[in-house]
Amino acid sequence: MSRGEKKLTPLPEEIRLAEFLRGVGKLAVAFSGGCDSVLLADFAARVLGTENLLLVHGNTPLTFSREDESARTFAHRRNLPFLELTLPVLEDSRIARNDKWRCYHCKKRIFSAILEAAAARGFPRLADGTNPDDRSDWRPGIAAADELGVLHPFCECGIGKRRIRLLARRAGLPVWNLPAAACLASRIPTGVPLTEDALRKCAAAEEILMALGFSGLRVRILADSSASLEFRGPALGRAIRMEKTIREALRPLGFSRVAVNPAGYRQGAMNLL
């Protein structure tokens, strides 16, 4: 801390989280590179020391390449122990068929692999960035994590998403206002099988739209190979005005049709189909 810089008085949530982590000791963190896992990793590094921390990132066809790179970059810049596992989850038919239990089977496979790799390196306990707000939606993946004994420090300490962002901002973490992310499978309607081609198209379409200045959006690929574009708040009006430009920008990806959804962004929309 530089001379004249005021040290922040710990908030009650920070005190609870520090006490919880000290009680756990050596810890592996399932590290996506998003706001929740970054705050958990940063906080654990300060409380436990880097020698007692291992960040494990699962690289799958369901993750954006930019998220993989962001996870690597953060760990490298903070000099935090980092392990990346390449996991071909679509080889599992229970995941690829994309029924309502897809997330359960996917998380079970990913967390099992992370637990095994972490334990082999002397880290028997695994934690993730799940917070109490995550339990308000259909999240069978959390049940899979619970079955495997994965710890949820933010849940244990009663720290929801808004407070996580506040704590991340206090800690000077650049991800404090990063839009919430979800795996690429969430872009495909439940019951429509997952393919790497469809997932790549979703990722490419969202990258194009972000290059056009949009954020906090979703590109959903429907059963007829059409793309339904969802935007949050004021971005929706802008997207409607730019719909022709957007269609032209996405034409090379080969969607059967491209349309801006007038209902806007809806969390868990593909679970409703």
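Whatever comes next refers back to the structure up there.
Residues numbered from 1 in each chain as written. Predicted model: local features only at pLDDT ≥ 70, side-chain atom pairs only at ≥ 80, totals over all residues. Heavy atoms only, no water.

**Topic: the pairing of strand β3 (residues 82–86)**
Then, number 1: Of the two faces of β3, the one lined by Leu83 and Leu85 is fully buried and the one lined by Phe82, Glu84 and Thr86 carries no buried residue.
Then, number 2: Pairing of strand β2 (residues 53–59) with β3 involves five bridges; the strand directions are parallel. Each bridged residue has a counterpart across the sheet, and for Val56 the counterpart in β3 is Leu83.
Then, number 3: Handedness of the crossover joining β2 and β3 through helix α3 (residues 65–77): right-handed. (Buried < 20%, exposed > 50% of the residue type's maximum accessible area, 1.4 Å probe, protein only. Helix = DSSP H or I, 4+ residues; strand = E, 2+ residues; numbered from the N terminus. Pairing = 2+ DSSP bridges. Right-handed = clockwise from strand over helix to strand, strands pointing away.)

**So, the packing of helix α2 (residues 35–48) against helix α8 (residues 161–170)**
Then, number 1: The contact between α2 and α8 brings their axes to 10 Å, and the two run at 50°. Comparing their axes, α8 and α2 come out oblique. When you trace α2 past α8, the crossing you get is left-handed. Contact with α2, carried on its side by Cys35, Asp36 and Leu39, involves Lys161, Ile164, Arg165, Leu167 and Ala168 of α8 and no other residues of that element.
Then, number 2: For the contact of α2 with α8, the class distribution of residues is five nonpolar, no polar and three charged. (Axes fitted to C-alpha atoms, helices over the stretch in contact; angles between N-to-C directions. Parallel < 35°, antiparallel > 145°, perpendicular 65-115°, else oblique. Left-handed = near helix turned anticlockwise from the far one by under 90°. Contact = heavy atoms within 4.5 Å. Nonpolar A, V, L, I, M, F, W, Y, C, P; charged D, E, K, R; others polar.)

**Observations concerning unusual backbone geometry**
Then, number 1: A positive phi angle, close to 55°, is found at Asn79, a residue other than glycine.
Then, number 2: Within the fold, Asn79 resides in the loop between α3 and β3.
Then, number 3: In the Ramachandran plot, Asn98 falls in the positive-phi region, its phi being about 60° despite a non-glycine side chain.
Then, number 4: Structurally, Asn98 is set in the loop between α4 (93–96) and α5 (102–120).

**Focus: the side chain of Asp134**
Then, number 1: Structurally, Asp134 can be placed in the loop between β4 (126–127) and α6 (140–147).
Then, number 2: Residue Asp134 is classed as buried on the basis of its relative accessible area of 14%.
Then, number 3: Once residues lying within four places of it in the same chain are set aside, the contact partners of Asp134 are Gly129, Arg139 and Ile142.

**Quick word on the sheet that holds strand β1 (residues 27–30)**
Then, number 1: Taken in spatial order, the four strands of this open sheet run β3-β2-β1-β4, and their pairing is parallel. With partners counted over all chains shown, the strands left at the sheet margins are β3 and β4, one partner each.
Then, number 2: Direction of pairing for β1 relative to β4: parallel, over a ladder of two bridges. When the sheet's bridge partners are listed, Ala28 is paired in β4 with Leu126.

**Observations regarding the sheet that holds strand β6 (residues 227–231)**
Then, number 1: Strand order in the open sheet made by the three strands is β5-β6-β7, with mixed pairing throughout. If you trace the sheet from one side to the other, it starts and ends with β5 (217–221) and β7 (258–260), each paired once. Strand after strand, the sheet turns through a mean of 20° between neighbouring axes, direction not considered.
Then, number 2: Across five bridges, the pairing between β5 and β6 is antiparallel. Following the sheet pairing, Leu217 is matched in β6 by Phe231.
Then, number 3: Along the sheet, helix α9 (residues 196–211) makes contact with β5 and β6, crossing β5 at roughly 145°.

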